[in-house]
Every structure is written in C-alpha cells, then in structure tokens.
Number of protein chains: 2
Amino acid sequence: MRDSNASEGERVPRSDEADNAPTAELPAVTDRNGPARTGRAAPGVDPNRVRAIPEAAVARLAVYLRVLSAMAEHGAVTVSSEELSSASGVNSAKLRKDLSYVGSYGTRGVGYEVDVLTAEIERVLGLTRKQKVAVVGIGNLGHALANYGGFPGRGFPVEALFDVDADLVGVPVGGMPVSHIDDIPKVCAQRGIAIGVIATPPAAAQSVCDRLVQGGVQCILNFAPVVLRTPPHVEVRKVDLAIELQILSFHVARKTEQRTRRRVPAARASSNGEVV
Amino acid sequence: MRDSNASEGERVPRSDEADNAPTAELPAVTDRNGPARTGRAAPGVDPNRVRAIPEAAVARLAVYLRVLSAMAEHGAVTVSSEELSSASGVNSAKLRKDLSYVGSYGTRGVGYEVDVLTAEIERVLGLTRKQKVAVVGIGNLGHALANYGGFPGRGFPVEALFDVDADLVGVPVGGMPVSHIDDIPKVCAQRGIAIGVIATPPAAAQSVCDRLVQGGVQCILNFAPVVLRTPPHVEVRKVDLAIELQILSFHVARKTEQRTRRRVPAARASSNGEVV
DNA sequence: TAGCGCTTGTGAACGCGTGCACAAAATCCG
DNA sequence: CGGATTTTGTGCACGCGTTCACAAGCGCTA
C-alpha cells in the first residue's frame, strides 16, 4: 500500500531490449535480461565473488551511508542494526541482509563500527574512486546541479558543463565555464568523464545522449522526460518529475476515493480494512 | 544487470513502520505492510474494484501516457501493444498486463485507440482532477520546479511557493509570489493544496514537512537528502540526486572492475577482491 | 571460566512482479 | 460465409526481493 519510488529512480529500458521497468518502487522502471542482480549474473556461480548485489540494496546502501555520516558527526562510534535501520527507515532484517552483501563487518552482541562500515560501503559502491560528472543543459535544473557542489557526503566532481545557447558558452557557472554541446564527445573523452547528466529539454535529450555515449560516458542520469536509446553497455537512470507527480496524484485520488466511499453508508468495512 | 531506478523514485519509509524500500528502480526505496498493491490489500477480494495496481505498473502507466500523447500529436489513431511497448521501452507482455489493470479497452486484432486509452489511463491515475502543488524552497531547484509550468502533458498547477528568505517573500517566481514558510499551514489549507514539494536544504526539510502535513497536504515529493518522518496517511516519494549518482558510480566501478579483471590473468585477488 | 544476554548473519519461506504462451476475439480476404 | 491472420487479454510458472526466525558469536559479569 505504500511504497513509491520503487527502487528509487527508474531503470530505463534499452531499445535493444524487450523488457523493462523496475519496482522497488520506485523509481519506476526496471528491466534486465539475466537476474536483477548487479554482479555477474552468469548461470554458474560467480567465481570472483563480485557478489551479486540487488539493485534495490545498492540504493539503500547509499542511504545508510548518509545516515552513517550524520551519526559519525554526532560522535557515534558504533551502531546496531536496529538504530541504523530505524534512522534509515527500513527494517532491521533488511538492513542486515543488505550489509551482508557488503561483507561481515559487525560484531555480534555489539553492532557495527561506524567508520569501518562507512569505508566498506564506500568500497562496494565504488566511491573510493571519484567519478567525474558532466552536466548538459544549463537551465534552472542544470544550475541547481552544477551548484550542488559537494553532494552530501563526498562529492562527485562536476568536470564539465554544456549548453546549446551560444550566450552561455564561456560563462562560468558554479566555478566552471560552460562549453558548447558540440564539444561533448571531445571534452568528455579528454577528461575521462564517466557520468553524464542530461538536464535539457526533451527534444534535445536523445542527441545529447548520443554525443555523451560518443564521448565514452558509461552512465547517464536523465532528467528529460523521454525514453533514451543507448547501446547496451551504457547504464541509464531516469528521474522524471512529471511521473513522480502523477504517481502521487494516483495516491491522492485513491485516498479521496476511499474517503468518499466510506462516507457512503453501504460500507462493507470488513474487507477493505484500513480506514486511512 | 541493468535496472536502475527500481520503480522510479523511492518509497520513503515511515517512522512508525518496520519495513521499507522500493524497486522499480530510480531512486530507490520501498516498503509497505500489506501487499505492494496500491488498492486495498485486504485478504478478501476488493469489493469496490479499486483494483490493486502494483506501484511499478502505476509508474509505467505514466510513461505510456506521455508516449501516447506524443503519438497523438503525430496523428496516430490506434496503437498496438507492440508499438507502444517498444516506444516506452518495456516488453509487450508487461505492457498489456499493465493496461489490463486499467481495463479492457483494446480491440483484438487491431490495437488500442489512442484517445480512449489516454483517457482511461488518466482516469485511473486520477489526473482528471488536477492536484494542486506547493513548492517549498525557492533555490535553483525550486526555480526549476516553479517554472516547470506545464508538466509534459497536462500540468499540475503550482498554487503556492514558499521560502525562508525574507528577501524572496513577495517576489514573483514563474508568475507566482513567494510566501514565507511560516504561512505554509495556513496557505495550504486555504487553497486546498494536496501535494507538497520539498526543495530545501536538508536541515530544513523535516520542519517544512511537518508544516505541510499540518496544512493538510496528502503527498510529499522530497528532494532533500533526508529521511522524512510523517504520519502514516501521508505518502512520501523521494528523489535523491546523490543516491542516483552513487548508484551509477557503483555501476561504473563494477564495469571497470570486470574489464580490469578480464585483463589481469592471475585474478582472484581473494579477499580484497575488486581492484577498483 | 562458565553463564547470560544481546546482536549479528543467514537459511528458508512467502509473496509480488515479470515473462511466457496460448485461448479468445475481431478483422480481412477469398 | 469460412478460414487465415493479427493482436489482445490472462492463467501460470519462475525468480527476485522481502521477511521471519533462529543459531552462532561476542562481551560482560559473577
């Protein structure tokens, strides 16, 4: 009954794939061929123990990381799964299972050392090596992203900004000059940018996406409300404000509907149970 | 192997709940008590056919809606599940199942009428009644949201803007004057605002959230990187840029790792594992 | 050192979502 | 008018993710 961004954000389908969208709420679109696991999904066991971590677990690990960092600032040295889980809004069983994907770094009867756990999660998420980010489309949203600067707890360095608007090119935004989108492939390749963020109008998104791919970007975070087509090796995540609102709208409608229905005598409170 | 924003955005856990996070990719967190279904999850059948639509399906329906609207503009009158699904990036079986939650509005051997399908999906998503939206925190992101104006395909009317900054109060942004956050409860109640969008710094998010709830808001879209505590009847969805980037970072690391491992013969670094 | 209590880590079961495959239905064509 | 073709709608089975529940392990205390 409640669970929204299934798995946060949404998985964006590939043109070359026949399946799709996610759950875990989220976010909301998932797809895959093999198991949903992230590691090697080969039928046989994974030899190198890359450990197949469920996508949903990865998202939660990122949440734990932030909570842990807040706790560390408060001077906490150890945490129990109970404390960490309630602060993160998940149940403790799930939290422990998530942490088990990372490894066994807890002490039974005691809990986890905050700094050890933090380091291990960062290791698994690949945060030890900062991934360079490029933002394309310097409108309101692009500005917000460019200035996001230190993303909470360690930042992803924004190494390049792009826009079509000639008047913007050369202008520094958040301490970084804007380049023209025609230079995307060149600049991205030169600077070794791994992640591209698309904050352009929908019409421009696909062509920008193509250029980013051309520039060797491995992952794309797409804020434009379109379904991007990318080669299979490029990971795409989508954040869609309109869809988020529509999902909420659905919930509002549902609640209103239930309330209305309740008012009507007919009732039948039995099955429906919760009154909300 | 690929599927990110599980179910889009993420479900935000409740303080009073013991469970949690979502799927369906994007952002990522889900939780619930009963079945993940959205309708009444009572054991018995749902008498009033509120039809329990999976959260992930709701998110996809919103995507179909946008694709349909684009097709309508191109003059399409009917669509087959195959066309619509490939344009939406899902497989046709899933699409048909999703549409079956809405009802049976297709014609076998022919397909779906674009306008009929559009109308029915809008009905199910509750888009026939426009939900009023308030945006809190008029920084870069808030500006972007306030100007988002016509969200692609029908807009959610932004009926109020709020900020703490006294210099901003009264200033029109996107054609609407900014009010002070202290007035949130009053204004929201007066204007019957159903959805609140939080685009404030993390530190202010919880208190803003409390005021929104106080003002009678039913759903909250949270862009601040914090876990909000809300009463059970308030639906919260979260969009977390930092987490999105971290998830992508994880994928980048994984790919790099695989590439590296393939190159190195010895391999099997045992414990420390990944080379990063 | 032995016992007790607390917390981790995980095996197993449940449930939801996904994908397959086919029957039902409607149109088209001969 | 009957058969071939196309496409919907769905029953069923598989699989992942969540949850439960408990054994294992560690520290503290007597």
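Residues numbered from 1 in each chain as written. Chains lettered and ligands numbered in written order. Predicted model: local features only at pLDDT ≥ 70, side-chain atom pairs only at ≥ 80, totals over all residues. Heavy atoms only, no water.

(A) Inspection of the overall build of chain A at higher detail. In terms of regular secondary structure, chain A is built from nine helices and eleven strands. A sequence separation of at least 24 residues applies to 47% of the contacts in chain A between residues at least 6 apart. (Helix = DSSP H or I, 4+ residues; strand = E, 2+ residues; numbered from the N terminus. Contact = heavy atoms within 4.5 Å.)

(B) Seen up close, the nonpolar core. Judged by nonpolar contacts, the single largest core of 110 residues is most densely connected at A:Ile121, A:Leu125, A:Ile195, B:Ile121, B:Leu125 and B:Ile195. When near neighbours in sequence (up to four residues on either side) are disregarded, A:Ile195 contacts A:Gln131, A:Lys132, A:Val133, A:Ala134, A:Phe156, A:Val217, A:Cys219, B:Leu245, B:Leu248, B:Ser249 and B:Val252. (Core = buried A, V, L, I, M, F, W, Y, C linked by side-chain atoms within 4.5 Å. Buried < 20%, exposed > 50% of the residue type's maximum accessible area, 1.4 Å probe, protein only.)

(C) Structural view of the pattern of salt bridges. Applying the stated criterion across every chain, the model contains twelve salt bridges over all chains. The residue A:Asp98 makes a salt bridge to A:Arg60 at a minimum N-O spacing of 2.6 Å. Taken together, the residues span a long stretch of sequence, with A:Asp98 in helix α3 (residues 92-102) and A:Arg60 in helix α1 (residues 55-73) at a distance of 38 residues. Among the residues examined, A:Arg60 registers a relative accessible area of 8% and is labelled buried. Between A:Arg211 and A:Asp182 there is a salt bridge; the shortest N-O distance is 2.5 Å. Of the two residues, A:Arg211 is situated in helix α7 (residues 202-214) and A:Asp182 in the loop between β8 (176-180) and α6 (184-191); the sequence distance between them amounts to 29 residues. Put simply, A:Glu55, A:Arg237 and B:Glu244 are held in one network by salt bridges that share partners. (Salt bridge = Lys/Arg side-chain N within 4 Å of Asp/Glu carboxyl O.)

(D) Fine view of the sheet that holds strand β2 (residues 78-79) of chain B. Residue and element names in this part refer to chain B. Taking strand neighbours across the sheet as the criterion, the three strands line up as β2-β4-β3 in an open arrangement whose pairing is antiparallel. A strand with exactly one partner marks an edge of an open sheet, and here the two such strands are β2 and β3 (106-107). In terms of strand pairing, β3 meets strand β4 (residues 111-113) through two bridges, oriented antiparallel. Along β4, the bridge assignment pairs Gly-106 with Tyr-112. Running at roughly 75° to β4, helix α4 (residues 114-125) makes contact with β2 and β4 of the sheet. (Pairing = 2+ DSSP bridges. Axes fitted to C-alpha atoms, helices over the stretch in contact; angles between N-to-C directions.)

(E) View of the confidence of the model for chain A. Residue and element names in this part refer to chain A. Across chain A, pLDDT averages 80, with 74% of residues at or above 70. Looking at the elements of chain A, mean pLDDT is at its lowest for helix α9 (residues 269-272), recorded as 34, and at its highest for α6, recorded as 98. With pLDDT under 50 throughout, residues 13-50 is counted as low confidence; its partners more than four residues away or in other chains account for 231 contacts. (pLDDT = per-residue confidence, 0-100.)

(F) Spatial organisation of the pairing of strand β5 (residues 133-136) of chain A. All names here are of chain A. Neither face of β5 is exposed, since Val-133 and Val-135 on one face and Ala-134 and Val-136 on the opposite face are all buried. Examined bridge by bridge, β5 and strand β6 (residues 158-163) share four bridges and lie parallel to one another. Looking across to β6, one finds that Val-136 is bridged to Phe-162. Relative to strand β9 (residues 195-198), β5 runs parallel, the two being bridged by four bridges. Note that in β9 the partner of Ala-134 across the bridge is Gly-196.

(G) Fine view of the pairing of strand β11 (residues 235-238) of chain A. Residue and element names in this part refer to chain A. Burial of the side chains of β11 extends over both faces: Glu-235 and Arg-237 are buried on one face and Val-236 and Lys-238 on the other. One ladder, built from four bridges, connects strand β10 (residues 219-222) with β11; its direction is parallel. Opposite Leu-221, over in β11, you have Arg-237 as the bridge partner.

(H) Main features of the sheet that holds strand β3 (residues 106-107) of chain A. Residues and elements named next belong to chain A. With antiparallel pairing, three strands are arranged side by side in an open sheet as β2-β4-β3. Here the strands that pair on one side only, and so sit at the sheet edges, are β2 (78-79) and β3. Pairing analysis gives two bridges linking β2 to strand β4 (residues 111-113), with the strands arranged antiparallel. Residue pairing in the sheet places Thr-78 in a bridge with Glu-113 of β4.

(I) Highlighting helix α7 (residues 202-214) of chain B. Residue and element names in this part refer to chain B. Compared with an ideal rise of 1.5 Å per residue, which puts 13 residues at 18 Å, α7 spans 19 Å between its outermost C-alpha atoms and is within 8% of the ideal. For α7, the secondary structure elements touched by its buried residues are β5 (133-136), α6 (184-191), β9 (195-198) and β10 (219-222). In the stretch just after α7, Gly-216 is the one whose phi turns positive, near 90°. (Expected span 1.5 Å × (residues − 1).)

(J) Region of interest: the packing of α6(B) against α7(B). All names here are of chain B. Orientation of α6 relative to α7, taken along the N-to-C sense of each, is 35°, at an axis distance of 7 Å. Judged by the sense of rotation from one axis to the other, the crossing of α6 with α7 is right-handed. Contacts between α6 and α7 involve Ile-184, Pro-185 and Cys-188 on the former and, on the latter, Val-208, Arg-211, Leu-212 and Gln-214. Split by residue class, the contact of α6 with α7 holds five nonpolar, one polar and one charged. (Left-handed = near helix turned anticlockwise from the far one by under 90°. Nonpolar A, V, L, I, M, F, W, Y, C, P; charged D, E, K, R; others polar.)

(K) Examining α6(A) more closely. Residue and element names in this part refer to chain A. Inspection of α6 places Ile-184, Pro-185, Val-187 and Cys-188 among the buried residues, and these make up the whole buried set. Against the buried residues of α6 lie β5, β6, β8 and α7. At the exit of α6 stands Gly-192, carrying a positive phi of roughly 65°.

(L) Inspection of the environment of B:Pro201 at higher detail. In this structure, B:Pro201 sits in the loop between β9 and α7. Placed 25 residues apart in sequence, B:Pro201 and B:Val226 show a C-alpha to C-alpha distance of 9.5 Å.

(M) Seen up close, the environment of B:Val187. Residue and element names in this part refer to chain B. Considering the arrangement of structural elements, one finds Val-187 in helix α6. You can call Val-187 buried: its relative accessible area is 7%. Separated by 26 residues in the primary sequence, Val-187 and Leu-161 place their C-alpha atoms 9.9 Å from one another. In this structure Val-187 touches Ala-160 and Phe-162, once residues within four positions along its chain are discounted.

(N) Structural view of the packing of α1(A) against α3(A). All names here are of chain A. Interhelical geometry of α1 versus α3 gives an angle of 100° and a closest axis separation of 10 Å. Classified by the angle between their axes, α1 and α3 sit roughly perpendicular to one another. In this structure, α1 contributes Ala-57, Arg-60, Leu-61 and Tyr-64 to the contact, and α3 contributes Lys-94, Leu-95, Asp-98, Leu-99, Tyr-101 and Val-102. Here the contact of α1 with α3 is composed, by residue class, of seven nonpolar, no polar and three charged. (Parallel < 35°, antiparallel > 145°, perpendicular 65-115°, else oblique.)

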